[in-house]
Amino acid sequence: MREIADFVDSLARAEMPRDDLVNIYKDSVRCENLTRWLKRMGHQRPAVLLVGEAPGKKGAAITGVPFVSPDVLMRGPKGGDPWSAFGTEAGYQYMNPSREGTATMFWEVMARYFGECPLPMTWNAVPFWPVGSDGRNRCPTPPERELGGEWLHRLTTIYRDALLVAVGRHAQRACGELGLHHESVQHPANSGKPEFEKGVRRIAASLCPSSLRLS
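Parameters and conventions
Residues numbered from 1 in each chain as written. Predicted model: local features only at pLDDT ≥ 70, side-chain atom pairs only at ≥ 80, totals over all residues. Heavy atoms only, no water. 1 Å grid on protein atoms, 1.4 Å probe; cavity = no way out; pocket = protein on both sides within 12 Å on 5 of 7 lines; lining within 4 Å. Points joined across faces, edges and corners; volume = space filled by probe spheres on them. Helix = DSSP H or I, 4+ residues; strand = E, 2+ residues; numbered from the N terminus. Nonpolar A, V, L, I, M, F, W, Y, C, P; charged D, E, K, R; others polar. Expected span 1.5 Å × (residues − 1). Bend = angle between axes of the 7 residues up to and from the residue. Salt bridge = Lys/Arg side-chain N within 4 Å of Asp/Glu carboxyl O. Buried < 20%, exposed > 50% of the residue type's maximum accessible area, 1.4 Å probe, protein only. Pairing = 2+ DSSP bridges.

## Description of the layout of surface pockets
And step 1. In this structure, the largest pocket encloses a volume near 660 Å³.
And step 2. As for the largest pocket, its lining consists of 27 residues, and the residues nearest its centre are Glu53, Thr102, Asn137, His187 and Ala189.
And step 3. Breaking the lining of the largest pocket down by element, the ones donating at least two residues are α5 (101-114) and α7 (169-177).
And step 4. Within the lining of the largest pocket, the residues separate by chemical class into eight nonpolar, twelve polar and seven charged.

## A look at helix α6 (residues 142-158)
And step 1. With 17 residues, α6 should cover 24 Å at 1.5 Å per step; its first-to-last C-alpha distance of 24 Å lies within 8% of that length.
And step 2. The largest bend in α6 amounts to roughly 35° and is located at Gly149.

## What to know about the pattern of salt bridges
And step 1. Considering all chains together, one arrives at 16 salt bridges under this definition.
And step 2. In this structure, Lys198 engages Glu195 in a salt bridge whose closest nitrogen and oxygen atoms are separated by 3.3 Å. Taken together, the residues span about one helical turn, with Lys198 and Glu195 both in helix α8 (residues 193-207) at a distance of three residues.
And step 3. What you see here is one network of salt bridges that share partners, running through Arg18, Asp20, Arg138 and Glu144.

## A look at the pairing of strand β3 (residues 121-124)
And step 1. Burial along β3 is two-sided: Met121 and Trp123 and Thr122 and Asn124, pointing in opposite directions, are all buried.
And step 2. Sheet topology note: the strand β2 (residues 48-52)/β3 ladder contains four bridges and is parallel. Counterpart to Leu50 in the pairing with β3 is Thr122.

Structure (structure tokens):
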């Protein structure tokens, strides 16, 4: 899909307004992983597009794929990969399988409730990595959300039939600022997994009721 190639290329060319916002897509491996991820969606359109805050230090900042840590990318979700979407056999470039708690929880829940639905699409309101003074993640600023809005809006046009779901308050603000109709769920980090799971289960019941499996 030409539009996906253009999308990823525009990310790679984007210049950052400040030193503590890192364009992770200056790296060719991350670009290739993201391109493969997005192109997979072209074969089976996603029922849902989940938007998080920004790349995590141990997650998308390494892999280039939102909500996907090296461990998930190379091994699949805990409990199995119902979509056969992950792993070296899926074509992703090998990385040391380090873990990120948020990614592990996220895909454990998605596999449980969306396992018989198309692979969920994932993105971040800010596709670049906000780095704090301690080298860890920091919250993105309103101007950074505005910058990321260009790509979030473009992605909603590429996958216009998918239900947009904001994961956490920063994603909710980003979707609201763009005037995008969306559902909202709790972010799974910081003890938010039970509420996140409850929200995902509710959405899965409305989109893919035949696939819903009670835990």
